[in-house]
Amino acid sequence: MISGSLITQADLEKRFGKLELAKLTSRLHDKDITPADVLQKAIDDAESEANGYLRAAGFVAPFSLVPATLKVKVCDIARWYLYENGVTDIVEKRYKNAISWLKDVMKNPAMLGFDADGVEEVKASNGIAVIPNEPEEWRNVKGLF
């Protein structure tokens, strides 16, 4: 495993907000499963998926500092896991974008800002596509809470 902490709960809260995470982690039908358990499972699943691509790119040691772009992509993957069977279009799009980006990292590890040994810094020349965080149907309810 590359790292057991590519992202944290705080990273997800900053990116998607506490309200969305509360909705996605609530398990009213099963009181034995806490929201923290649900969130940690999504983080673990997302990190496991990302680590597979990172290992294929040649990264084997934990990152001393996780690249910001990698955090964004792993957060998108974790969010996809949280949505389970009710994935919205934007969540699906961001998940597919993250996987595509990780596949590109496999071909060009320098996209993370350093070589596969994690020693030499390089300048990235590629841009990053940014997709809005909110599902479209949430845009009309702002200010109601």
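Residues numbered from 1 in each chain as written. Predicted model: local features only at pLDDT ≥ 70, side-chain atom pairs only at ≥ 80, totals over all residues. Heavy atoms only, no water.

## A word on the overall build of the protein
Phase 1: When helices and strands are counted, the protein shows five helices and zero strands.
Phase 2: Along the protein, from the amino end to the carboxyl end, the secondary structure elements read α-α-α-α-α.
Phase 3: Looking at the 145 residues of the protein, the share that counts as buried comes to 38%.
Phase 4: Taking the contacts inside the protein whose residues are at least 6 apart along the sequence as the reference set, 75% of them involve residues at least 24 apart.
Phase 5: Total accessible area computed for the protein in this model is approximately 8,700 Å², and 53% of it derives from carbon and sulfur atoms. (Helix = DSSP H or I, 4+ residues; strand = E, 2+ residues; numbered from the N terminus. Buried < 20%, exposed > 50% of the residue type's maximum accessible area, 1.4 Å probe, protein only. Contact = heavy atoms within 4.5 Å. Areas by Shrake-Rupley, 256 points an atom, 1.4 Å probe, with all protein chains shown as cover.)

## Remarks on helix H1 (residues 9-16)
Phase 1: Those residues of H1 that sit buried are Asp11, Leu12 and Phe16. The buried residues of H1 occupy an angular sector of 100° when projected down its axis, which confines them to one face.
Phase 2: Of the residues flanking the end of H1, it is Gly17, one or two places downstream, whose phi is positive at about 90°. (Arc of directions from axis to C-beta.)

## Observations concerning the side chain of Glu49
Phase 1: Its place among the elements puts Glu49 in helix H3 (residues 35-56).
Phase 2: One buried charged side chain, Glu49, makes no salt bridge at all; its nearest oppositely charged neighbour is Lys103, positioned 8.5 Å away.
Phase 3: Ignoring anything within four residues of it in the chain, the contact list for Glu49 reads Ile77, Tyr81, Tyr95 and Ile99. (Lys, Arg positive; Asp, Glu negative; His and termini not counted. Salt bridge = Lys/Arg side-chain N within 4 Å of Asp/Glu carboxyl O.)

## Side note on the packing of H3 against helix H4 (residues 68-83)
Phase 1: At their nearest, the axes of H3 and H4 sit 8 Å apart, and the two run at 130° to each other. With respect to H4, the element H3 is oriented oblique. H4 is crossed by H3, and the crossing has right-handed handedness. From H3, Val38, Leu39, Ala42, Ile43, Asp45, Ala46, Glu47, Glu49, Ala50 and Leu54 reach across to H4, where they touch Leu70, Val74, Ile77, Ala78, Tyr81 and Leu82.
Phase 2: Of the residues contributing to the contact of H3 with H4, the split by class is 13 nonpolar, no polar and three charged. (Axes fitted to C-alpha atoms, helices over the stretch in contact; angles between N-to-C directions. Parallel < 35°, antiparallel > 145°, perpendicular 65-115°, else oblique. Left-handed = near helix turned anticlockwise from the far one by under 90°. Nonpolar A, V, L, I, M, F, W, Y, C, P; charged D, E, K, R; others polar.)

## With respect to the pattern of salt bridges
Phase 1: In the structure shown here, the tally under the stated rule is six salt bridges.
Phase 2: For Arg79, the salt bridge is made with Glu20, and the minimal N-O distance between the two is 2.8 Å. Linking Arg79 in helix H4 with Glu20 in helix H2 (residues 18-25), this pair joins segments that are 59 residues apart in sequence. Neither residue differs from the other here; Arg79 and Glu20 are each classed as buried.
Phase 3: Two residues, Glu84 and Arg27, come together in a salt bridge whose shortest N-O distance is 3.3 Å.

## Comments concerning the packing of H2 against H3
In a packed pair of helices, the relevant descriptors are the angle between the two axes and the axis-to-axis distance.
Phase 1: For the pair H2 and H3, the least separation of the axes is 9 Å and the interaxial angle reads 100°. As the angle between them shows, H2 and H3 are arranged roughly perpendicular. Touching Leu21, Leu24 and Thr25 of H2 are Pro35, Val38 and Leu39, all from H3.
Phase 2: Class assignment of the residues belonging to the contact of H2 with H3 gives a composition of five nonpolar, one polar and no charged.

## Notes on H3
Phase 1: Across its 22 residues, H3 extends 32 Å between first and last C-alpha, which sits within 8% of the 32 Å expected from 1.5 Å per residue.
Phase 2: Buried within H3 are the following residues: Val38, Leu39, Ala42, Ile43, Ala46, Glu47, Glu49, Ala50, Asn51, Tyr53 and Leu54.
Phase 3: In this structure, the buried residues of H3 make contact with H1, H2, H4 and helix H5 (89-107).
Phase 4: Of the residues one or two after H3, Gly58 is the one with positive phi, at around 105°. (Expected span 1.5 Å × (residues − 1).)

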